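Commentary on secondary and tertiary structure
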Amino acid sequence: RRNAFRAEVSAERISPLTDRAGLNEGRLYRATAEAQWLYFHLGVKYEKSEGYMVDPNNLIPYFLKFEEFSNRAKSDVGFIGGLRSEKGHSFSLFFSSSTERVNEQITSTDSQSYETEIKSQSYGVSYSYLF
């Protein structure tokens, strides 16, 4: 099809999988909208998580023990847009910005935890050809 629209909204809850004191029930909210017409496509996504959460779309940090179990609060906004031709060429741009609040120790010798806000941005460019 040349014209299409997709919208998706979801909410997830998870109880902590470990018996550590102070872990809150996790909640994850997602909203996505994408539109395609003629040779263009645009999309936007919003994601917010709070408490203990294992993201089912990104399990690698949990299996490899990169992720520490904590009561994190994170919000993420992303945009994607691009062009495609009838001959199979496709070009896309991506931007994402996130803010995360977590309690962390500054050094290993300091037992005090401090509330920390971590902001990050990511950009991407892709080209593909479909045969």
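Our structure's up above, just so we're on the same page.
For the structure given in this document, a descriptive report is provided here. Quantities reported herein were computed from a predicted structural model and do not represent experimental measurements.

Further remarks concern the overall build of the protein. Looking only at helices and strands, the protein features one helix and six strands. What you see in the protein, going N to C, is helices and strands ordered as β-β-β-α-β-β-β. The C-alpha atoms of the protein give a radius of gyration of 19 Å, which is well past the 14 Å a tight globule of 131 residues would have. Within the span of the protein, comprising 131 residues, buried residues form 22% of the whole. Taking the intrachain contacts of the protein between residues at least 6 apart in sequence as the baseline, contacts between residues at least 24 apart amount to 54%. When the accessible area of the protein is evaluated, it comes to approximately 9700 Å², of which 55% is carbon and sulfur surface. Taken together, the 16 basic and 17 acidic charged side chains of the protein have centroids lying 9 Å from each other.

Before going further, it helps to examine the sheet that holds strand 6 (residues 113–129). Read across the sheet, six strands follow the order 1-2-3-4-5-6 without closing on themselves; strand pairing throughout is antiparallel. Of all strands in the sheet, those with a lone pairing partner are strand 1 (4–14) and strand 6, marking the two edges. Shown here is a sheet whose adjacent strand axes are inclined to one another by a mean of 5°, direction ignored. Relative to strand 3 (residues 40–51), strand 2 (residues 26–37) is paired through eleven bridges, and the arrangement is antiparallel. Within strand 3, the position partnered with Thr 32 by the bridge is Lys 45.

Going through the model one piece at a time under the given rule, you end up with two aromatic pairs. When the centroid spacing of 6.2 Å and the interplanar angle of 40° are considered together, the rings of Trp 37 and Phe 40 count as tilted. A relative accessible area of 35% means that Trp 37 is categorised as partly exposed. For Phe 40, a relative accessible area of 38% corresponds to the partly exposed category.

Looking at where Ala 7 falls in the secondary structure, it is placed in strand 1. Not counting chain neighbours up to four residues away, the residues in contact with Ala 7 comprise Thr 32 and Ala 33.

Moving on: the environment of Val 9. The residue Val 9 is located in strand 1 in this model. When its relative accessible area of 72% is taken as the criterion, Val 9 is described as exposed. Sequence separation of Val 9 and Glu 86 is 77 residues, and the distance between their C-alpha atoms is 31 Å. Those residues in contact with Val 9, other than ones at most four positions away along the chain, are Arg 30 and Ala 31.

Moving on: a nonpolar patch on the surface. A surface patch of nonpolar side chains, amounting to about 550 Å² of accessible area, comprises Trp 37, Leu 38, Tyr 39, Phe 40, Leu 42 and Leu 83. Inspection of the secondary structure puts Leu 42 in strand 3.

Basis of the calculations
Residues numbered from 1 in each chain as written. Predicted model: local features only at pLDDT ≥ 70, side-chain atom pairs only at ≥ 80, totals over all residues. Heavy atoms only, no water. Helix = DSSP H or I, 4+ residues; strand = E, 2+ residues; numbered from the N terminus. Rg over C-alpha atoms; globule rule 2.2 N^0.38 Å. Buried < 20%, exposed > 50% of the residue type's maximum accessible area, 1.4 Å probe, protein only. Contact = heavy atoms within 4.5 Å. Areas by Shrake-Rupley, 256 points an atom, 1.4 Å probe, with all protein chains shown as cover. Lys, Arg positive; Asp, Glu negative; His and termini not counted. Charge placed at Lys NZ, Arg CZ, Asp CG, Glu CD. Pairing = 2+ DSSP bridges. Axes fitted to C-alpha atoms, helices over the stretch in contact; angles between N-to-C directions. Phe/Tyr/Trp six-rings, centres within 6.5 Å; stacked < 30°, edge-to-face > 60°. Patch = residues over 30% accessible without salt bridge, like charges linked within 9 Å, V, L, I, M, F, W, Y side chains within 5 Å. Salt bridge = Lys/Arg side-chain N within 4 Å of Asp/Glu carboxyl O.

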